[in-house]
Amino acid sequence: MFRGVNPINLDAKGRMALPARYRESVHSHCDGRMVVTIDTEDKCLLLYPQPEWDEIQARIDALPSFNKAVRRIQRLLTGHATDLELDANGRMLLPAPLREYAQLDKKIVLLGQGNKFEIWSEELWNSTRDEYLQADEDEDIPQELQSLSL
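Cut-off values and rules
Each chain has its residues counted from 1, running along the sequence as written. Given that this is a predicted model, residues contribute local features only at a pLDDT of at least 70 and side-chain atom pairs are listed and counted only at 80 or more, while totals for whole chains, interfaces and linings are drawn from all residues. Each side-chain value is derived from all of the structure's non-hydrogen atoms; neither hydrogens nor water enter the calculation. Only residues above 30% relative accessible area that lack a salt bridge enter a patch, with like-charged residues linked at up to 9 Å and the nonpolar side chains Val, Leu, Ile, Met, Phe, Trp and Tyr linked at up to 5 Å. Here the open area of atoms and residues is found with the Shrake-Rupley method and a 1.4 Å probe, where only the protein chains shown may cover a residue. Salt bridges are defined as contacts in which a side-chain nitrogen from Lys or Arg sits within 4 Å of a carboxyl oxygen from Asp or Glu. Here a helix means four or more residues in a row that DSSP labels H or I, a strand means two or more in a row labelled E, and each is numbered from the N terminus. Any residue under 20% of the maximum accessible area for its type is buried, any over 50% is exposed, and the rest in between are partly exposed; the area is computed with a 1.4 Å probe on protein chains only. By nonpolar core we mean a set of buried residues, namely Ala, Val, Leu, Ile, Met, Phe, Trp, Tyr and Cys, connected to one another through side-chain atoms within 4.5 Å. Contact definition: two residues touch when any of their heavy atoms are within 4.5 Å. Any helix carries an expected span of 1.5 Å times its number of residues minus one. Arc, as used here, means the arc of the directions from the helix axis to the C-beta atoms.

1. Some details on a nonpolar patch on the surface
(1) Moving on: A contiguous nonpolar surface patch, about 290 Å² in accessible area, is contributed by Ile 141, Leu 145 and Leu 148.
(2) Moving on: Residue placement: Ile 141 occurs in the loop between helix 5 (122-133) and helix 6 (143-146).
(3) Moving on: Residue classification places Ile 141 among the partly exposed positions, given a relative accessible area of 46%.

Structure follows, in structure tokens:
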């Protein structure tokens, strides 16, 4: 399970270091192999351990490609999916087109989301987080969340 907000710096080559607290579990779960792709709803990247991504891609591939919305998602998610591998220093190179899509510069945020990470530009994450925190309290809350007790 990936949790937490982790500020990270990209180096000049576009590499990010996975925080040390996640490295052992990533190595044991997927031998350091990860897949990164774009998020189709927000300007961020999604980073999955290889086995998690393989399950998602199988489900995406099984969808009917004659449906325009499905084809759009297949092209965006699978088309941008890139295999990454942690190097000996726990770093991985984020491809330039994906860094450009997510507006990643030197300061980024690695946001744990359970089975995956989201990779945000620090500036974009901070503004998005602030929007979420200021959201109208009268918004329709899904039934599933209304029954959740924290």
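There is more to say after this.
2. Here we look at the nonpolar core
(1) Moving on: One finds Met 16, Leu 47 and Ile 119 to be the most contacted residues of the largest nonpolar core, which totals 24 residues.
(2) Moving on: Mapped by element, the contributors of at least two residues to this core are helix 1 (20-30), strand 3 (33-38), strand 4 (45-49), strand 7 (107-112) and strand 8 (117-121).
(3) Moving on: The contacts of Leu 47, once residues within four sequence positions are left out, are Met 34, Val 35, Val 36, Leu 84, Met 92, Leu 110, Lys 116, Phe 117 and Ile 119.
(4) Moving on: Listed in part, the 7 residues of the second largest apolar core include Val 35, Leu 46, Ile 56 and Ile 60.

3. Structural notes on helix 2 (residues 50-61)
Side chains three or four residues apart in an α-helix point the same way, a direct result of the helix having 3.6 residues per turn.
(1) Moving on: With 12 residues, helix 2 should cover 16 Å at 1.5 Å per step; its first-to-last C-alpha distance of 16 Å lies within 8% of that length.
(2) Moving on: When helix 2 is considered as a whole, its buried residues turn out to be Gln 50, Trp 53, Ile 56 and Ile 60. Along the long axis of helix 2, the arc covered by the buried residues comes to 125 degrees, so they all point the same way.
(3) Moving on: Contact partners of the buried residues in helix 2: helix 1, strand 3, strand 4, helix 3 (68-80) and strand 5 (82-85).

Purely spatial values, then, with no claim about function.
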